[in-house]
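# Fold and contact review
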Amino acid sequence: MEKPTIHPYIPIIIGVFSVALSAIFVKMTAADSGVTAFYRMLFSVLIMSPVFLLKYTHEIKKLSKRDWLFASIAGVFLAFHFILWFESLNYTSVASSTVLVTLQPLFAFAGTYFFFKEKLSIKTLVSGAIAILGSVLIGYGDFQVSGSALYGDLLALIACALITAYLLFGQDVRKRLSLVTYTFVVYSISTITLFFYIVLKGESFGPYPASEWMWFLLLAIIPNLLGHTLFNWALKWVSTNVISIAILFEPIGAAILAYFILGEYLTVSQIVGGSVVLAGIMLFVTDYRKIKKYFFKINA
């Protein structure tokens, strides 16, 4: 295998930092959640368009009617994931919201259990119980602060379920398409969904001050395009488990950034509950046998 030009852990660290900035950028905007989500996706699609149109349009022919249906459903779920997650940040802290959204691996397993009848292992049950306990601790602590904080936590959990549904519906289509084509199609459908959502809600497309446009553009470039692109690049040299574990540091990075940029302080329940959630998720995503064999592929 060819050697990477830089150590894979460097792009992974930058990727974690990039996705951690997402919640910060959302907090900095004054626009409605649907509008923020719309421009994040629209700018992502516009930036991707030249590459897609020049190199990948031929792949559209591979899509069957079933593929279009599933890609459309995935795009709709992605749109409402962003709406609810962004909305949650209006009520609860960056730390609580990002930790709860990180529960996605467990939601994914629950989905595959109910829809594809995958078996439950002891490790899955234990890790799920640990993560749920952590979520309860966060929710209980936030409820002590205010009922609206608990409401924000619930929105984040629903947003987590929606991103899981997006991944479940999209995974089959993704197998037949390149990353660029799949992302372009789903992001485009998500953008169209958000457009109609804004129209139906009567929210404003603008005008907005220059600072708002800056946050919209940064959301598209840094978390959407840079962060996930770096993770996909690193997968050539490191195990998927390494990426899964690295993403668990997103809430930690987001909480640190929120402290310095937004002045958000962590409560005891957030620290304890968040640590418990991340411990449960780490137990779930870690395949110790594979990590022992494939933890770092450079020397392969």
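Since we're looking at a predicted model, the values are computed, not measured.

## Points about the overall build of the protein chain
- A tally of regular secondary structure across the protein chain gives 13 helices and zero strands.
- When the elements of the protein chain are put in sequence order from the N terminus, they spell out α-α-α-α-α-α-α-α-α-α-α-α-α.
- Relative to its full complement of 300 residues, the protein chain shows a buried share of 51%.
- For the protein chain, the proportion of contacts with a sequence separation of at least 24, taken over those separated by at least 6, is 89%.
- For the protein chain, the exposed surface amounts to about 15,000 Å²; the carbon and sulfur share of it is 71%.

## Focus: the packing of helix H3 (residues 65-88) against helix H4 (residues 94-101)
- Between H3 and H4, the shortest axis-to-axis distance is 9 Å and the interhelical angle comes to 150°. Here H4 runs roughly antiparallel to H3, going by the angle between their axes. Contacts between H3 and H4 pair His81, Trp85 and Ser88 from the former with Ser97, Thr98 and Val101 from the latter.
- Its residues placed into classes, the contact of H3 with H4 shows two nonpolar, four polar and no charged.

## Things to note about the side chain of glutamate 250
- Its location among the elements puts glutamate 250 in helix H11 (residues 250-262).
- There is no salt bridge for the buried glutamate 250, and the closest opposite charge comes from arginine 40, which lies 7.8 Å off by N-O distance.
- With residues near it in sequence (within four places) discarded, glutamate 250 still touches Val16, Val19 and Ala20.

## Regarding the packing of aromatic side chains
- Across all of its chains, the model carries 22 aromatic pairs by this definition.
- Aromatic pair phenylalanine 38 and tyrosine 39: ring centres 5.0 Å apart, planes at 65°, arrangement edge-to-face.
- Given the relative accessible area of 7%, tyrosine 39 is considered buried.
- Seen in terms of ring centroids, tyrosine 208 and tryptophan 213 are 6.0 Å apart; in terms of plane orientation they differ by 75°. Their pairing is edge-to-face.
- Within the aromatic cluster, the residues linked to one another by ring pairs are Phe38, Tyr39, Phe43, Phe195, Phe196, Phe205, Tyr208, Trp213 and Phe216.
- Sitting over the ring of phenylalanine 70, arginine 66 keeps its end group 4.4 Å from the ring centre.

## Notes on the pattern of salt bridges
- Going through the model one piece at a time under the given rule, you end up with two salt bridges.
- Note that glutamate 264 and lysine 27 form a salt bridge whose closest N and O atoms lie 3.3 Å from each other. Here lysine 27 lies in helix H1 (residues 9-28) and glutamate 264 lies in the loop between H11 and helix H12 (268-285), a separation of 237 residues in the sequence.
- For lysine 27, a relative accessible area of 28% translates into the label partly exposed.
- Close ionic contact of arginine 176 with aspartate 67 constitutes a salt bridge, the shortest N to O distance being 2.4 Å.

## Side note on a nonpolar patch on the surface
- Taken together, Met28, Phe249, Ile252, Ile256, Tyr259, Phe260, Ile261, Tyr265 and Met282 make up a surface patch of nonpolar side chains, about 930 Å² in accessible area.
- Per-element tally for the nonpolar patch: the top contributor is H11, with five residues.
- You can see phenylalanine 260 is positioned in helix H11.
- The class of phenylalanine 260 is exposed, set by a relative accessible area of 64%.

## Notes on the environment of glutamate 250
- You can call glutamate 250 buried: its relative accessible area is 15%.
- Sequence separation of glutamate 250 and threonine 102 is 148 residues, and the distance between their C-alpha atoms is 8.3 Å.

## Comments concerning helix H8 (residues 179-201)
- For H8, spanning 23 residues, the distance from its first C-alpha to its last is 32 Å, which sits close to the expected 33 Å at 1.5 Å a residue.
- Once H8 ends, the next one or two residues include glycine 202, with phi positive near 75°.

## Some points on unusual backbone geometry
- Across the junction of glycine 206 and proline 207, the peptide omega takes the value 0°, indicating a cis bond.
- Tracing the chain through its elements places proline 207 in the loop between H8 and helix H9 (210-234).

## Details of the side chain of serine 93
- Within the fold, serine 93 resides in the loop between H3 and H4.
- Ignoring sequence-local partners within four residues, the contact set of serine 93 consists of Glu264 and Gln270.

About the thresholds
- Residues numbered from 1 in each chain as written.
- Predicted model: local features only at pLDDT ≥ 70, side-chain atom pairs only at ≥ 80, totals over all residues.
- Heavy atoms only, no water.
- Helix = DSSP H or I, 4+ residues; strand = E, 2+ residues; numbered from the N terminus.
- Buried < 20%, exposed > 50% of the residue type's maximum accessible area, 1.4 Å probe, protein only.
- Contact = heavy atoms within 4.5 Å.
- Areas by Shrake-Rupley, 256 points an atom, 1.4 Å probe, with all protein chains shown as cover.
- Axes fitted to C-alpha atoms, helices over the stretch in contact; angles between N-to-C directions.
- Parallel < 35°, antiparallel > 145°, perpendicular 65-115°, else oblique.
- Nonpolar A, V, L, I, M, F, W, Y, C, P; charged D, E, K, R; others polar.
- Lys, Arg positive; Asp, Glu negative; His and termini not counted.
- Salt bridge = Lys/Arg side-chain N within 4 Å of Asp/Glu carboxyl O.
- Phe/Tyr/Trp six-rings, centres within 6.5 Å; stacked < 30°, edge-to-face > 60°.
- Lys NZ or Arg CZ within 6 Å of the ring centre and 35° of its normal.
- Patch = residues over 30% accessible without salt bridge, like charges linked within 9 Å, V, L, I, M, F, W, Y side chains within 5 Å.
- Expected span 1.5 Å × (residues − 1).

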